[in-house]
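Breakdown of the fold
Chain residues, written in single-letter form:
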Amino acid sequence: MPQLQLDRIPEYYHRYVAQVAHLDLSAALKHRRDVLLPLLRALPDERWDFAYAPGKWTIKELVLHLTDTERVFAYRALTFARNGGTPLPGFDENTFAEYSEAARRSPASLLAELESVLDGSDSLFLSFSDAQLERTGTANEKPIYVYGIGYILAGHILHHKSVLEERYLAIPLG
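Everything numeric here is computed off the predicted structure, so don't read it as measured data. (Residues numbered from 1 in each chain as written. Predicted model: local features only at pLDDT ≥ 70, side-chain atom pairs only at ≥ 80, totals over all residues. Heavy atoms only, no water.)

Counted at 1.5 Å a residue, the expected span for helix 2 (residues 25-41) with its 17 residues is 24 Å, and the 25 Å between its end C-alpha atoms agrees. Among all positions in helix 2, only L25, A28, L29, R32, R33, L36, L37, L39 and L40 are buried. Axial view of helix 2: buried residues confined to an arc of 160 degrees, hence all on one face. In this structure, the buried residues of helix 2 make contact with helix 3 (59-81), helix 5 (107-127), helix 6 (130-134) and helix 7 (146-168). The N-terminus of helix 2 is capped by D24, whose side-chain oxygen sits 3.1 Å from the backbone nitrogen of S26. (Helix = DSSP H or I, 4+ residues; strand = E, 2+ residues; numbered from the N terminus. Expected span 1.5 Å × (residues − 1). Buried < 20%, exposed > 50% of the residue type's maximum accessible area, 1.4 Å probe, protein only. Arc of directions from axis to C-beta. Contact = heavy atoms within 4.5 Å. Polar contact = N/O pair within 3.5 Å; in protein donor to acceptor, adjacent residues only side chain to side chain.)

What follows is the structure in structure tokens.
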């Protein structure tokens with residue numbers, strides 16, 4: 001199993017990685033599901049359209065952001081693991097959220113999609129050989145390696161779970 005090497009991960013992502021660096025990759029991926037999905041399943045439907053401040057995402061938009069990020073980063077990992085070589089662009093999460101049409105979606109559909117995408121990411125990362133996990137590519141004009149992307153995804157979920165608890169759920173509706 002590869003070793004986690006922060007010098008192979010852009011510094012911006014270190015705050016995510018730090019949340020799961022003490023775990024092996026398989027455990028980190030499992031942990032993100034174990035802490036986020038029960039929290040989201042317990043939310044009442046009326047809470048999902050809540051944003052904690054003007055101009056901030058609703059919980060629906062936040063969940064779609066998590067889904068979109070999983071997809072984008074899993075694609076990056078797949079491309080680099082398969083030695084795709086082509087530098088990949090960044091993505092503007094605010095533009096994605098703006099055009100997501102999250103408000104028209106039900107909480108159940110958002111949860112089902114997120115869980116499906118998490119399943120796909122987990123399967124993908126667990127399928128990689130050590131050699132594939134060690135491969136590097138360029139995304140958003142920064143070099144990054146496949147193994148590090150898995151940790152970024154796990155930590156990203158934990159980061160947003162904390163935001164959800166601290167900024168969304170701490171404020172009463174109404």
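Okay, the packing of helix 3 against helix 7 next. One can describe the packing of helix 3 onto helix 7 by two numbers: an axis separation of 9 Å at closest approach and a directional angle of 175 degrees. Taken together, the axis directions place helix 3 and helix 7 in an arrangement best described as roughly antiparallel. Counting all contacts with helix 3, which are made through I59, L62, H65, L66, T69, E70, F73, A74, R76, A77, F80 and A81, the residues of helix 7 involved are V146, I149, I152, L153, H156, I157, H160, L164 and Y168. When the residues that make up the contact of helix 3 with helix 7 are grouped by side-chain class, the tally is 15 nonpolar, four polar and two charged. (Axes fitted to C-alpha atoms, helices over the stretch in contact; angles between N-to-C directions. Parallel < 35°, antiparallel > 145°, perpendicular 65-115°, else oblique. Nonpolar A, V, L, I, M, F, W, Y, C, P; charged D, E, K, R; others polar.)

Along the chain, the position of S121 falls in helix 5. Exposure remark for S121: the relative accessible area of 2% places this residue in the buried category.

Keep in mind these numbers describe shape, not what the thing actually does.
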